[in-house]
Amino acid sequence: MTTPAEDPAAAPPRRAALLTGLALTAGTLTAGCSAQASPDTARAQPRTTPPTPPAAPSAPVVPPAPAPRRFPAQPSEITHGPRTNPPKVALTFHGQGDPAIATSVLGEAEKAGVRVTVLAVGTWLDEHPGIARRILDGGHDLGNHTLHHLDINAMSQTEAAAEIRGCADRLKRLTGSIGTWFRPSRSPRASALVQRLAQDAGYPHTLSYDVDSLDFTSPGAAAVTRNVLATVRPGSVVSLHFGYADTVAALPDLLHELDRRGLRPVTTTELLS
């Protein structure tokens, strides 16, 4: 008699069950390995956002230069300011010539705490556009001395108007203003026509002077100083020029002598205010 354990028919089911168990065990182990690896591979990588570049600094806002002013107590053509106390004078410079000399003149004045008035020629501004802002940044007055520095009183109305407006346009483009003053070229005085044309262009007054340094004749630094001191007095408007070495050389002594006399150099605007 054969026992159940020896029954050949019983072997296949038990082997199948055993194989099934082994397969299930292997599947569980394989699933376990897969489950163990998946968090590393499936974990989301953090996104890196590139830093926002700093904003470029904005350009400084430069206020426009002062505009011309009307001084009701003054005539259409101004030759000097008040002769009263406190005693002040205005040193005015025809703006033309070597910009290095012009910068030296400005530097000597600023070293002494002095502010001046510059009447610039339009073609000079074309050649050296940075000089306009240099003058204003130093606290000085800046005005119009015609476009080409020709004899404006001898011109026709059309030509004279073009000379005044041509320089005014350049000042406006460079500084935002036509300048505070207009001075005629090649003459200390403006004709009635030129005065009217200057007013039409926006200048209530033309600016002349009562003291001529004659520095444009290159007489030497000592002579420039003597020429000014011989006739200067409270309220005087002094004519000087950029572009002449004698003017630079004369300025320290001239400023010292004016101070010794109690005459304080100021801009023309301050002289009349």
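Further up the page is the structure itself.
Here's what I pulled together on the structure shown here. Quantities reported herein were computed from a predicted structural model and do not represent experimental measurements. (Residues numbered from 1 in each chain as written. Predicted model: local features only at pLDDT ≥ 70, side-chain atom pairs only at ≥ 80, totals over all residues. Heavy atoms only, no water.)

1. With respect to the overall build of the chain
A tally of helices and strands in the chain yields nine helices and eight strands. Here the chain holds 273 residues, and 41% of them are scored as buried. In the chain, 81% of the contacts between residues at least 6 apart in sequence involve partners at least 24 apart. Surface summary for the chain: the accessible area is close to 14,700 Å², and the carbon and sulfur share equals 58%. (Helix = DSSP H or I, 4+ residues; strand = E, 2+ residues; numbered from the N terminus. Buried < 20%, exposed > 50% of the residue type's maximum accessible area, 1.4 Å probe, protein only. Contact = heavy atoms within 4.5 Å. Areas by Shrake-Rupley, 256 points an atom, 1.4 Å probe, with all protein chains shown as cover.)

2. Observations concerning unusual backbone geometry
Geometrically, the link from asparagine 85 to proline 86 is a cis peptide bond, its omega value of -5° lying close to zero. The topology assignment puts proline 86 in the loop between strand E1 (77-78) and strand E2 (88-95). One non-glycine residue, threonine 146, lies in positive phi territory at about 75°. Threonine 146 sits in the buried class, given a relative accessible area of 0%.

3. Structural notes on the pattern of salt bridges
All chains considered together, the criterion is met by nine salt bridges. Residue lysine 111 pairs with glutamate 108 through a salt bridge whose shortest N-O separation is 3.5 Å. Here lysine 111 pairs with glutamate 108, and both are found in helix H2 (residues 99-111), just three residues apart, close to one helical turn. Look at lysine 111 and you get exposed, because its relative accessible area is 64%. Given the relative accessible area of 23%, glutamate 108 is considered partly exposed. The partner of arginine 134 in a salt bridge is glutamate 110, with the nearest N and O atoms 2.9 Å apart. With arginine 134 in helix H4 (residues 130-137) and glutamate 110 in helix H2, the pair connects residues that are 24 residues apart, well separated along the chain. (Salt bridge = Lys/Arg side-chain N within 4 Å of Asp/Glu carboxyl O.)

4. Digging into the packing of helix H7 (residues 221-231) against helix H8 (residues 245-260)
The relative placement of two packed helices is expressed as an angle between their axes plus a distance between the axes. In the contact formed by H7 and H8, the axes pass within 8 Å of each other and the chain directions differ by 45°. Relative to H8, the element H7 is oriented oblique. Crossing hand, H7 versus H8: right-handed. Two secondary-structure elements touch here, H7 through Ala221, Val224, Thr225, Val228 and Leu229 and H8 through Asp246, Ala249, Ala250, Asp253, Leu254, Glu257 and Leu258. In terms of residue class, the contact of H7 with H8 is built from eight nonpolar, one polar and three charged. (Axes fitted to C-alpha atoms, helices over the stretch in contact; angles between N-to-C directions. Parallel < 35°, antiparallel > 145°, perpendicular 65-115°, else oblique. Left-handed = near helix turned anticlockwise from the far one by under 90°. Nonpolar A, V, L, I, M, F, W, Y, C, P; charged D, E, K, R; others polar.)

5. Side note on the side chain of threonine 247
Relative to the helices and strands, threonine 247 resides in helix H8. Classification of threonine 247 as buried rests on a relative accessible area of 1%. Threonine 247 has contacts with Phe93, Asp215, Leu240 and His241, leaving out every residue within four places of it along the chain.

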